[in-house]
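If you want the building blocks of each chain, they are given just below.
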Amino acid sequence: MNFHLTKDRETKAHEMIARYPKKRAAMLMVLWLVQEQEGWISEAAMGYVANLLEVTAADVYDVVSFYTMYNRKPIGKHHIQICNNCCCRLRGADWLVNYVKQKLGVNVGESTPDGKFHLSTVECLASCGTAPMMQINNDYYENLTAEKVDGILEKL
Amino acid sequence: MTLVITKNFAGPNMARLDVAMKHGAYVTLEKILAMKPEAVVDEVKRSGLRGRGGAGFSTGMKWGFVPKDTTKPIYLVVNADESEPGTFKDRAILEKDPHLMIEGIIIASYAIKAHTCYIYFRGEFYRQWELMERCLAEARKVGIIGNNIKGSGYNLNIIAHRGAGAYICGEETALLSSLEGYRGWPRIKPPFPAVEGLFGCPTIVNNVETLAVCPFIIREGAAAYAKLGTEKSPGTKLFSVCGHVNRPGVYEVPLGYPFAKLLSEECGGTIEERKLKALIVGGSSVPVVTGEEALGLRLDYESCAGCGTMLGSGGVIVIDETACAVQVLADLARFYAHESCGQCTPCREGTGWSKKVLDRLEAGLGSSEDLNLLLAIADNMQGKTICPLADALAMPIRSWIKKFRTEFEDHVRLKGCPFPS
Ligand SMILES: Cc1cc2nc3c(=O)[nH]c(=O)nc-3n(C[C@H](O)[C@H](O)[C@H](O)COP(=O)(O)O)c2cc1C
Ligand code: SF4
Ligand code: FES
């Protein structure tokens, strides 16, 4: 269960570390590099990060478990996050969760069997004026209609 | 109408340095580098600018709190965590005129004598962070930031950092904990960050919008800025408007602007001209006002206080008669229960119980005692915790029950929600 960042990412990790007066401060940025590479953060990866930042594995776990965007299990390749906070709901976003659920045949918190999609609901993504909205991996999709959703998911 | 922040929002490619400079970006640099840092602080103090992150504290005064005799490094930290439901105005700056904020950062850093600035982006703002990395690289290349800026001997390093999904990291001390590589747990104040902040050093935390205002103040002068808005609430402010309006979006208006005018002119009125029921004017944390109160409200710090609410972040949530008060409040409770960091018992338990009680009221399973129970929970939360997140739910609970009590009682009487779902 050895974990390593790729050479490129390891170089980046060292660049990140140099940006702060204390190594530990690079924690979130280094964890992002791990997740970018693997899609999630395993215990082996936490051990690697602990080594790199000269903290304990427990310190890393403490951080990983606090922040909702770090995945502690492998999830689908495309992570669909739908906002169902109050402002999106005022603009009629309720249909969106149900629509995507049916379309993919999964519940919130599940991945499709082929591992292509994972569905989550999230709290406000600072997109309240362009609701209904969802984020898929790094990108926002706003002012959604059923046709738009169909088009977006087909292209992925 | 003078536009301080959004003047160039419509221009394409404002994130490109050459385009931004064509529109006047960074013209204030030579001016401030020839000034004494104290004079920059004074200028901002005289402008009357108040922090746009929510608390509305005088920006110049806050900068003045950095100890004069410190031997430690001083930090500027930019709060780009924008996660309060209803608030999406900082995002507009980050996307449409990022160099405006960088220019503000240079001004603020120079004023407080900081040589390092960290910009803390909420984790979901990946594209905005990526864009900022490109802007910073371009600015570094031509010597706008970095060592010996424009031959002045002043050095400034700006670093873009990403969070990973936690609303609480918008609270300034939680943000600092997070930036140091810990969980985003707020810290007890004092010590205030200006004295003991990031890595134990003096630190000023400022909101994105606050910094984006600074170039105007330096370029046009404090008096020109103070002339905008009202006497006690000078300047303009960004309002992000959402909910039941025809044209949601981000609008810049002078403080003191009538809400009714913003609603009818900028936002094109309510959807299908339905009756305005309620307004949350400053992001999800502030007390709600009724539609009637809202139509007489002016958008400035004093008028909002006079109406029992707060200008907050300028996240305007417009709610018409088709919405159920209990459901809106239940949604807010769910948000705060989800985002409580769990350090303080009154907050961790209080937000969770509020959510449970509101859910059962909305489902028609509540009793008439539940209203008093909610008010008792609010009393047990407010003012009893490390940070104000608990207050941010206590205030909505009290105001919604006070202003829409019969609707809560109807849910109990009818054993269900009177609104079609
Ligand atoms: C729970 C909570 C969340 C907050 N979230 C934000 C935020 O997302 N962005 C922000 O600028 N300020 C936020 N604040 C306010 C900050 O603590 C701080 O007052 C602000 O960043 C100071 O900047 P300013 O003086 O320029 O307004 C939040 C405060 C609390 C209590
Ligand atoms: S009030 Fe809530 S969010 Fe703030 S420190 Fe306490 S538990 Fe955490
Ligand atoms: S409530 Fe959905 S983006 Fe703000």
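Residues numbered from 1 in each chain as written. Chains lettered and ligands numbered in written order. Predicted model: local features only at pLDDT ≥ 70, side-chain atom pairs only at ≥ 80, totals over all residues. Heavy atoms only, no water.

Q: Describe the domain arrangement of chain B, with residues and values.
A: Many analyses report the size of an interface as the accessible area lost when the parts associate. All names here are of chain B. Domain annotation of chain B identifies domain 1 (17-226), domain 2 (236-320) and domain 3 (325-413). Each of domain 2 and domain 3 was reduced to a C-alpha centroid, and the two centroids are 23 Å apart. Contacts between domain 2 and domain 3 engage 14 residues on the former and 12 residues on the latter. Across the domain 2/domain 3 interface, buried area totals approximately 1,000 Å², and carbon plus sulfur atoms make up 67% of it. Applying the counting rule to domain 2 against domain 3 returns 2 salt bridges. The partner of E407 in a salt bridge is K277, and the shortest N-O contact between them spans 2.7 Å. At the boundary of domain 2 with domain 3, the tally comes to 5 residue pairs in polar contact (both at pLDDT 80 or more). (Domains from an automatic or database assignment. Contact = heavy atoms within 4.5 Å. Buried area = accessible area lost by both parts, 1.4 Å probe. Salt bridge = Lys/Arg side-chain N within 4 Å of Asp/Glu carboxyl O. Polar contact = N/O pair within 3.5 Å; in protein donor to acceptor, adjacent residues only side chain to side chain.)

Q: Tell me about the packing of aromatic side chains, and please be specific about residues and values.
A: Residue and element names in this part refer to chain B. A full pass over the atoms with the stated rule returns 16 aromatic pairs over all chains. Ring geometry for Y110 versus Y154: centroids 5.1 Å apart, planes at 90 degrees, classification edge-to-face. Here the residue Y110 occupies a position in helix 6 (residues 98-112), and Y154 occupies one in the loop between helix 7 (126-141) and strand 3 (157-162), the gap between them amounting to 44 residues. Of the residues examined, Y110 reaches a relative accessible area of 10% and is grouped as buried. What makes Y154 buried here is its relative accessible area of 7%. (Phe/Tyr/Trp six-rings, centres within 6.5 Å; stacked < 30°, edge-to-face > 60°. Helix = DSSP H or I, 4+ residues; strand = E, 2+ residues; numbered from the N terminus. Buried < 20%, exposed > 50% of the residue type's maximum accessible area, 1.4 Å probe, protein only.)

Q: Quick rundown of the interface of chain A and chain B? Include the residues and the values.
A: With 37 residues of chain A in contact, the opposing surface of chain B contributes 58 residues. Across the chain A/chain B interface, buried area totals approximately 4,000 Å², and carbon plus sulfur atoms make up 55% of it. Counting across the chain A and chain B interface gives 6 salt bridges. Of all the elements in the fold, those that place two or more residues in the side of chain A that touches chain B are helix 2 (27-38), helix 4 (57-66), helix 5 (86-90) and strand 4 (139-141) of chain A.

Q: Residue-level account of the site of ligand 1, with values.
A: Residue and element names in this part refer to chain B. The environment of ligand 1 is made up of 17 residues, and the closest members are G53, K62, N206, N207 and T210. With respect to ligand 1, the backbone of G170 contributes an N or O atom lying 3.3 Å from a nitrogen atom. Between ligand 1 and the protein, one listed contact pairs an oxygen atom with a backbone N or O atom of E172 at 3.0 Å. Protein coverage of the free-state accessible area of ligand 1, which is 610 Å², stands at 88%. In terms of residue count, strand 4 (residues 203-207) provides more of the shell around ligand 1 than any other element does, 3 residues in total. Partitioned by chemical class, the residues of the shell around ligand 1 number 3 nonpolar, 8 polar and 6 charged. (Near = heavy atom within 4 Å. Areas by Shrake-Rupley, 256 points an atom, 1.4 Å probe, with all protein chains shown as cover. Nonpolar A, V, L, I, M, F, W, Y, C, P; charged D, E, K, R; others polar.)

Q: How would you explain the pairing of strand 2 (residues 116-121) of chain B if you had to name every residue and give the values?
A: The side chains of a regular strand alternate, residue by residue, between the two faces of the sheet. All names here are of chain B. Within strand 2, 6 of the 6 residues are buried, leaving the element largely enclosed by the surrounding structure. Of the two faces of strand 2, the one holding T116, Y118 and Y120 and the one holding C117, I119 and F121 are both buried throughout. Bridging between strand 1 (residues 75-80) and strand 2 involves 6 bridges; their strand directions are parallel. For L76, the partnering residue across the bridge sits in strand 2 and is C117. (Pairing = 2+ DSSP bridges.)

Q: Lay out the site of ligand 2 with the relevant residues and their values.
A: Around ligand 2 sit I168(B), P186(B), S340(B), C341(B), G342(B), Q343(B), C344(B), C347(B), T385(B), I386(B), C387(B) and L389(B), and that is every residue in its neighbourhood. Tallied by class, residues from the shell around ligand 2 come to 8 nonpolar, 4 polar and no charged.

Q: Quick one: what's the story with the confidence of the model for chain B, residue by residue and with numbers?
A: Residues with a pLDDT of 70 or more make up 100% of chain B, whose mean pLDDT is 97. For this predicted complex, the interface confidence reaches an ipTM of 0.98, while the overall pTM sits at 0.97. (pLDDT = per-residue confidence, 0-100.)

Q: Talk me through the environment of G48(B); I want residue IDs and the actual numbers.
A: All names here are of chain B. Tracing the sequence through the fold places G48 in the loop between helix 3 (37-47) and helix 4 (59-64). By relative accessible area, G48 is classed as partly exposed at 24%. Each C-alpha atom of the pair G48 and A222 lies 7.9 Å from the other, and the pair is 174 residues apart in sequence.

Q: Describe helix 16 (residues 369-381) of chain B, naming the residues involved and giving the relevant values.
A: Residues and elements named next belong to chain B. Spanning 13 residues, helix 16 covers 19 Å between terminal C-alpha atoms, matching the ideal 18 Å at 1.5 Å per step. For helix 16, every residue scored as buried is listed here: D370, L371, L374, I377, A378 and M381. Buried residues of helix 16, viewed axially, fall in a sector of 120 degrees; they line one side. Next to the buried residues of helix 16 lie helix 15 (345-362), helix 17 (391-403) and helix 18 (405-413). (Expected span 1.5 Å × (residues − 1). Arc of directions from axis to C-beta.)

Q: Please set out the sheet that holds strand 2 (residues 117-122) of chain A residue by residue, giving values where relevant.
A: All names here are of chain A. Taken in spatial order, the 4 strands line up as 2-1-3-4 in an open sheet, and their pairing is mixed. Unpaired on one side and paired on the other, strand 2 and strand 4 mark the two borders of the sheet. This sheet shows a mean twist of 25 degrees between the axes of neighbouring strands, independent of strand direction. Its contacts with the sheet put helix 6 (residues 94-104) on strand 1 (78-83) and strand 2, and the angle it makes with strand 1 is roughly 155 degrees. Lying on the sheet, helix 7 (residues 146-155) is in contact with strand 1, strand 2, strand 3 (134-136) and strand 4; it crosses strand 3 at an angle near 5 degrees. (Axes fitted to C-alpha atoms, helices over the stretch in contact; angles between N-to-C directions.)

Q: Report on a nonpolar patch on the surface, specifying residues and quantitative values.
A: Residue and element names in this part refer to chain B. Taken together, the side chains of F57, M61 and F65 make up a nonpolar region of the molecular surface, amounting to roughly 290 Å² of accessible area. On the secondary structure map, F57 appears in the loop between helix 3 and helix 4. Overall, the relative accessible area of 39% leaves F57 in the partly exposed class. (Patch = residues over 30% accessible without salt bridge, like charges linked within 9 Å, V, L, I, M, F, W, Y side chains within 5 Å.)

Q: Lay out the domain arrangement of chain A in plain terms, naming residues and giving numbers.
A: Taken as a whole, chain A is organised into domain 1 (7-66) and domain 2 (78-155). Domain 1 of chain A and domain 2 of chain A are separated by 29 Å when their C-alpha centres are compared.

Q: Tell me what's going on with the sheet that holds strand 8 (residues 276-280) of chain B, and back it up with residues and numbers.
A: Residues and elements named next belong to chain B. Spatial ordering of the open sheet is given by 6-5-11-8-9, a layout of 5 strands whose pairing is mixed. Only two strands of the sheet have a single neighbouring strand rather than two, namely strand 6 (249-254) and strand 9 (289-290). Where strand 5 (residues 236-243) and strand 6 come together, 6 bridges link them in antiparallel fashion. From the neighbouring strand, S240 faces strand 6, where its bridge partner is V250.

Q: Explain unusual backbone geometry residue by residue, including any values.
A: A negative phi angle characterises most non-glycine residues, just as the trans form characterises most peptide bonds. In the segment running from A131(A) into P132(A), the intervening peptide bond is cis, with an omega of -5 degrees. With omega at -10 degrees, the peptide bond leading from K189(B) into P190(B) counts as cis. Secondary-structure assignment places P190(B) in the loop between helix 8 (172-179) and strand 4. One non-glycine residue, A126(A), lies in the positive phi region at around 60 degrees. As for its placement among the helices and strands, A126(A) is situated in the loop between strand 2 and strand 3. Residue A126(A) is classed as buried on the basis of its relative accessible area, which comes to 0%. Phi at N143(A) takes a positive value of approximately 45 degrees, unusual for a residue other than glycine. A relative accessible area of 40% means that N143(A) is categorised as partly exposed.

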